[in-house]
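# Topology and contacts: notes
For reference, the chains in residue letters:
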Amino acid sequence: MFVQLKPADDWPGGITKEELIDQMQHKLSRYPGIDFNFSQNIQDNVEEAMSGVKGENSLKLFGDDIEELTKSAELIAGLMEKTPGVQDVGVFKVNGQPNLVIAIDRARAARYGIMPADVNAVVQTAVGGSPVTQVLEGDRRFDLTVRFRPDFRQSPEAIRALLLSTPDGNRVPLGQVADVGFREGAFMIYRERGRRYIPVKFSVRGRDLATTMQDLQQRLKEQIHLPEGYTYEWAGEFDSLRKEQRRLLLVIPVSLAIILILLFIQFHSWRDALAVLAVLPFAATGGVWALLLTGTPFSISAAVGFTSLTGVATLGSVVFLAGVRRAQREAGNAQGLVSGSLQQMRPVLMACMAAGLGLLPAALSNRIGAQAQQPLARVVVGGMLTTTLSILFVLPLLARKRDEPDEFAYESKEQHELEFRHEGSGA
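Residues numbered from 1 in each chain as written. Predicted model: local features only at pLDDT ≥ 70, side-chain atom pairs only at ≥ 80, totals over all residues. Heavy atoms only, no water.

For the protein, the count of helices and strands is 14 helices and eleven strands. Counting only contacts in the protein whose residues sit at least 6 apart along the sequence, the fraction spanning at least 24 positions is 69%. Of the accessible surface of the protein, which amounts to about 26400 Å², a share of 58% is contributed by carbon and sulfur atoms. (Helix = DSSP H or I, 4+ residues; strand = E, 2+ residues; numbered from the N terminus. Contact = heavy atoms within 4.5 Å. Areas by Shrake-Rupley, 256 points an atom, 1.4 Å probe, with all protein chains shown as cover.)

What follows is the structure in structure tokens.
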């Protein structure tokens, strides 16, 4: 069911999205046998693509026997409902399809000299129909199929009365050699990589995803013991979060190494390159404090925010340090440090304020759909505050002792000649 919501400003009493969901869940809970899950159109499509089912997260229970899978899935769902933060738990039903089952008793059929293939042929002809000839219509051919009238095949009793021919010319009812009846079977079977599975979908609300999943995994490990050959996998937001965390463990160190090399190419000094990198932990500290103070859990969006923060902090540090070094070459170490810091203060403030103020509305927004961008915006806004302070106050301390020899510094031939002439004139 898709419901078009009115603008949030028109909602009575300043109700929030979470309160709206709680009210709808309370009123819809009186309908038994229905599991309700609340999402948005695009969000629902993205979540379904990640988890494979209609839900933010899902546990896929793999096994061979449908009955055992259903039993284990119900136990897991009951455990999930008792875990704080886990909401909208539901097991995808696969049973309930009535099937007409005809089970041949080979021992009884052998006493009459009837082969199982003969029984299958009679049942196929009587219930499903068998082609006896073809009809021509122009250049097209159609099979002419014949089967019993509905009153001879519409119930298990009628099917049991079907007559089978024996080798000695007699006839026996089908019920004499086979058991006929309705049984409950699977109306849908989920498969992945050639294995059957039953999904258990759930959402996480009122608690951060990582902590909730750690608690849930610990409970499953201690309380649920699956039969041999039965396993489960996680899909959805949590699985995507784990994949992104593993990817970031590789991407971030490689990115920092590349940044360090580029900084050395820019400054021709490992000391200056490392001084710029020393600002990055201060920038990340602001993002961490922003998440803690606002109660925002770490997510993929927050990880992207830290990555963006690294770029902005590096850019501001490079601009500031390049201006300081230029002023030091013109006015000397101490005087150049002061004048260069004052000259570069305005560009640094403008760059950091532009990034921070630009994302401030997104960081403070509580409108529907803002949950996806809030972590990124809050990380950048909080990080810009500490980035500005670290560039203006920490970086000058790292750049002040320029007169000391730097064994890694790169000096051009012209710089050596200027220093030699200056020393000679002084002597």
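From this point, the discussion proceeds with the structure in view.
Looking now at helix α10 (residues 279-294). In this model, α10 (16 residues) spans 24 Å end to end at C-alpha, consistent with the 22 Å of a helix rising 1.5 Å per residue. Taken as a whole, α10 has its buried residues at Val279, Leu280, Ala283, Gly286, Gly287, Ala290 and Leu291. End-on view of α10: buried residues confined to an arc of 135°, all on one side of the axis. Summarising the geometry of α10, the exposed residues directed more than 90 degrees from the buried face are Trp289, Leu292 and Leu293. Next to the buried residues of α10 lie α8 (237-267), α9 (270-277), α11 (300-331) and α13 (374-399). Just past α10, the residue Gly295 takes up positive phi, approximately 65°. (Expected span 1.5 Å × (residues − 1). Buried < 20%, exposed > 50% of the residue type's maximum accessible area, 1.4 Å probe, protein only. Arc of directions from axis to C-beta.)

As a further point, take the packing of aromatic side chains. Here the structure, examined in full by the defined rule, presents four aromatic pairs. Ring centres 6.1 Å apart and planes at 85° place the aromatic pair Phe202 and Trp234 in the edge-to-face group. With Phe202 in strand β10 (residues 195-204) and Trp234 in strand β11 (residues 231-236), this pair connects stretches of sequence that are 32 residues apart. When its relative accessible area of 0% is taken as the criterion, Phe202 is described as buried. (Phe/Tyr/Trp six-rings, centres within 6.5 Å; stacked < 30°, edge-to-face > 60°.)

Another point: helix α1 (residues 17-28). Across its twelve residues, α1 extends 16 Å between first and last C-alpha, which sits within 8% of the 16 Å expected from 1.5 Å per residue. Those residues of α1 not exposed but buried are Lys17, Leu20 and Ile21. Take α1 and look down its axis: the buried residues cluster within an arc of 100°, on one side only.

What follows covers a negative patch on the surface. A surface patch of like charges, here negative, comprises Asp64, Asp65, Glu67 and Glu184. Secondary-structure assignment places Asp65 in the loop between β1 (57-63) and α3 (66-81). Classification of Asp65 by relative accessible area gives partly exposed; the value is 39%. (Patch = residues over 30% accessible without salt bridge, like charges linked within 9 Å, V, L, I, M, F, W, Y side chains within 5 Å. Salt bridge = Lys/Arg side-chain N within 4 Å of Asp/Glu carboxyl O. Lys, Arg positive; Asp, Glu negative; His and termini not counted. Charge placed at Lys NZ, Arg CZ, Asp CG, Glu CD.)

Bringing the side chain of Ser203 into the picture now. Mapping Ser203 onto the fold places it in strand β10. Exposure remark for Ser203: the relative accessible area of 1% places this residue in the buried category. Not counting residues within four places of it along the chain, the set of residues in contact with Ser203 comprises Asn37, Glu56, Gly85, Val86, Gln87 and Asp88.

This paragraph deals with unusual backbone geometry. Of note, the phi angle at Asp88 is positive, near 55°, even though the residue is not glycine. Within the secondary structure layout, Asp88 lies in strand β2 (residues 86-91). For Asp88, a relative accessible area of 8% gives the class buried.

All right, on to the pattern of salt bridges then. Counted by the stated rule, this structure contains ten salt bridges. For the salt bridge of Arg108 with Asp179, the shortest nitrogen-to-oxygen distance reads 3.2 Å. Here Asp179 lies in strand β8 (residues 178-186) and Arg108 lies in helix α4 (residues 106-111), a separation of 71 residues in the sequence. In this structure, the salt-bridge partner of Arg325 is Asp272, at a minimum N-O distance of 2.7 Å. Note that Arg325 is positioned in helix α11 and Asp272 in helix α9, a separation of 53 residues in sequence. Owing to a relative accessible area of 7%, Arg325 belongs among the buried residues under this scheme. Exposure remark for Asp272: the relative accessible area of 2% places this residue in the buried category. Each of Lys60, Glu192, Arg193 and Glu233 takes part in a single network of salt bridges with overlapping partners.

Another point: a nonpolar patch on the surface. Together, Leu250, Val251, Val254, Ile258, Ile261, Leu262 and Ile265 make up an exposed nonpolar region whose accessible area comes to about 650 Å². Assessed through its relative accessible area of 57%, Leu250 is described here as exposed.

Turning our attention to the nonpolar core. The biggest cluster of nonpolar side chains holds 30 residues, and the ones touching the most others in it are Leu263, Phe267, Phe320 and Leu395. It is α11 that contributes the most residues to this core, nine residues altogether. Excluding its chain neighbours within four sequence positions, the residues that come into contact with Phe320 are Ser341, Gln344, Val348, Ile391, Leu392, Leu395 and Pro396. Core analysis: the next-biggest nonpolar cluster, separate from the first, contains 29 residues, Val94, Val204, Leu220 and Ile224 among them. (Core = buried A, V, L, I, M, F, W, Y, C linked by side-chain atoms within 4.5 Å.)

The next subject is the packing of α3 against helix α7 (residues 209-223). Angle between the axes and distance between the axes: these two values describe a pair of packed helices. With their axes 10 Å apart at the nearest point, α3 and α7 run at an angle of 135° to one another. Relative to α7, the element α3 lies oblique. Relative to α7, α3 is oriented so that their crossing is right-handed. Each of Ile76, Leu79 and Met80 in α3 lies in contact with α7, whose residues at this interface are Leu216, Arg219, Leu220 and Gln223. (Axes fitted to C-alpha atoms, helices over the stretch in contact; angles between N-to-C directions. Parallel < 35°, antiparallel > 145°, perpendicular 65-115°, else oblique. Left-handed = near helix turned anticlockwise from the far one by under 90°.)

Here we take up the environment of Ala235. If you trace the backbone, Ala235 turns up in strand β11. Through-space distance from the C-alpha of Ala235 to that of Asn57 is 5.8 Å; in sequence the pair is 178 residues apart.

Now for the packing of α8 against α11. Look at α8 against α11: their axes get within 11 Å of each other, and the N-to-C directions meet at 5°. Taken together, the axis directions place α8 and α11 in an arrangement best described as roughly parallel. The residues of α11 that touch α8, namely those facing Ser240, Leu241, Glu244, Leu248, Ile259, Leu263, Gln266 and Phe267, are Ile300, Ala303, Thr310, Thr314, Val318, Leu321 and Ala322.

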